[in-house]
Amino acid sequence: MWRSRRIATAIALTLTAAGAAVVMTSTAAVAADLSVSQALAAQDGRSASVVGYVVGQPTATNTVLRSGFTGDTALALADSASETGTSRMLYVQITAAYRAQFGLQTNPSVMGRRLVVAGQLTAYFSHGGLKSPTSMAFAGTTPTSSPTTGPTGPVETYYAAAAGKTGTALRNALHGIIKTQTKLTYDQVWDALKDTDQDPNNSANVILIYSGRSQSKSTNGGGANDWNREHVWAKSHGDFGTATGPGTDVHHLRPEDVSVNSARGNKDFDLGGSAVSEAPGCLTDSDSFEPRAAVKGDVARMIMYMAIRYEGDDGWPNLEINNSTANGSAPYIGKLSVLLQWNQQDPPDAFERRRNDRIYATWQHNRNPFIDHPEWAAAIWGS
């Protein structure tokens, strides 16, 4: 799977007070892959990575073939595999290096598959497009690394038991798949996070989830400006603590500044509030926390993973998502309607996909299905 190396330029960094024992760089979080709608709104010649579903072969400004393909030089991407409106499609040039694998005349089975394409956002066929691609890859098909233990083979083989299912049947199938995992101790989580959340532009650092800043791996701990282990599903929502199990599941544990972690506390997720110190773009009020835009989808998919992985059949609470922001110590977290929006607004990017691959290959040997298939959120909980 192709991994982005771009640097997010729109996230402000908050520097620590003078003399603080923290090593930071000016690198922020990895920029997210754009959705098709975002790419259509950014036709200014910039270089970007776009994720979408293959919906046909463009042959003119308002014409896209969905069968009977006549060439391998172009394809159309959309945010939905069933999209038929050309105004909501991105026309992608396929240069010679990529035609053998992605050209639709040669490979009609590419239709409906999800691609990540990097290139120049500029008109093609006098239509919103992406030209001169520098990378093309199927999204969510094969792990970046082959695990030495646990499930092996293509990701779609891993999810074979879930194929074609929706609703409760899909939920049950996914639970059966992902509950098979290697469990970590809370101490092991430190080492796991130094791998899974490594800054792709500085291997000595990790990226803090809410703050967005790059910080030395060695500054983990409990002191001022250290980073610690943030439970995205707050551990008090079900009282599972930090014992091996949901309290040590790296799929929802992320590095974060100690004070920002404290500001989030055990609040549910929702919109609005006041700015959070040291976490640009984050907001909080008395009962909720809103993360910065670049990780809203990450947060939603981690919460969804926890709700499917922990169903109360292995000695741990049955974790559920609801539409409340007053869940207290009950094994619930909200707000479902907002999390579903975030999942759509902020699709998985290269950083999140790499993280999923590293957990699968090296640490727990299970995957977060909502990173590989974000559309499964709506299939289980509705839109």
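Keep in mind that what you see is a predicted model, and the values were worked out from it rather than measured.

Enquirer: Is there a simple way to explain the sheet that holds strand E14 (residues 274-276) in this structure?
Expert: Neighbouring strands of a sheet are bound in pairs by backbone hydrogen bonds; such pairs are parallel or else antiparallel. Spatially, four strands are ordered E13-E16-E15-E14 in an open sheet, and the strand pairing comes out mixed. Two strands close off the open sheet at either side, each with one partner strand: strand E13 (268-269) and E14. Relative to strand E16 (residues 288-290), strand E15 (residues 279-284) runs antiparallel, the two being bridged by two bridges. Within E16, the residue paired with leucine 283 across the bridge is glutamate 290.

Enquirer: Sorry, what's going on with the packing of aromatic side chains here?
Expert: For any two aromatic rings, the description comes down to two numbers: the centre-to-centre distance and the angle of the planes. Using the criterion set out here, one finds ten aromatic pairs in the structure. A centroid spacing of 5.4 Å and a plane angle of 70° characterise the contact between tyrosine 158 and tyrosine 360, whose relative ring orientation is edge-to-face. In this pair, tyrosine 158 sits in helix H3 (residues 155-158) while tyrosine 360 sits in helix H9 (residues 350-363), placing the two residues 202 residues apart along the sequence. For tyrosine 158, a relative accessible area of 10% translates into the label buried. Pairwise contacts between aromatic rings join Tyr158, Tyr159, Tyr360 and Trp376 into one cluster. Taking the ring centre of tryptophan 342 as reference, the NZ or CZ of lysine 296 above it sits at 5.6 Å. When the ring centre of tyrosine 310 is taken as reference, the NZ or CZ atom of arginine 309 above it lies at 4.3 Å.

Enquirer: What should I look at first to understand helix H8 (residues 336-345) in this one?
Expert: Note on helix geometry: an α-helix contains 3.6 residues per turn, so any two residues three or four positions apart are oriented the same way. Where H8 is concerned, the buried positions are Leu336, Val338, Leu339, Leu340, Trp342 and Asn343. Tucked into the core, H8 has its buried residues touching E13, E16, helix H7 (296-309), strand E17 (320-321) and helix H11 (376-381).

Enquirer: So what exactly am I meant to see when it comes to the side chain of asparagine 228 here?
Expert: Topologically, asparagine 228 is positioned in strand E11 (residues 227-231). Under the relative-accessibility criterion, asparagine 228 is labelled buried at 17%. Side chain to side chain, asparagine 228 and asparagine 261 meet in a polar contact 2.8 Å long. Setting aside chain neighbours within four positions, we find asparagine 228 in contact with Trp190, Gly221, Arg254, Pro255, Glu256, Asp257, Val258 and Asn261.

Rules of the game
Residues numbered from 1 in each chain as written. Predicted model: local features only at pLDDT ≥ 70, side-chain atom pairs only at ≥ 80, totals over all residues. Heavy atoms only, no water. Pairing = 2+ DSSP bridges. Helix = DSSP H or I, 4+ residues; strand = E, 2+ residues; numbered from the N terminus. Phe/Tyr/Trp six-rings, centres within 6.5 Å; stacked < 30°, edge-to-face > 60°. Buried < 20%, exposed > 50% of the residue type's maximum accessible area, 1.4 Å probe, protein only. Lys NZ or Arg CZ within 6 Å of the ring centre and 35° of its normal. Contact = heavy atoms within 4.5 Å. Polar contact = N/O pair within 3.5 Å; in protein donor to acceptor, adjacent residues only side chain to side chain.

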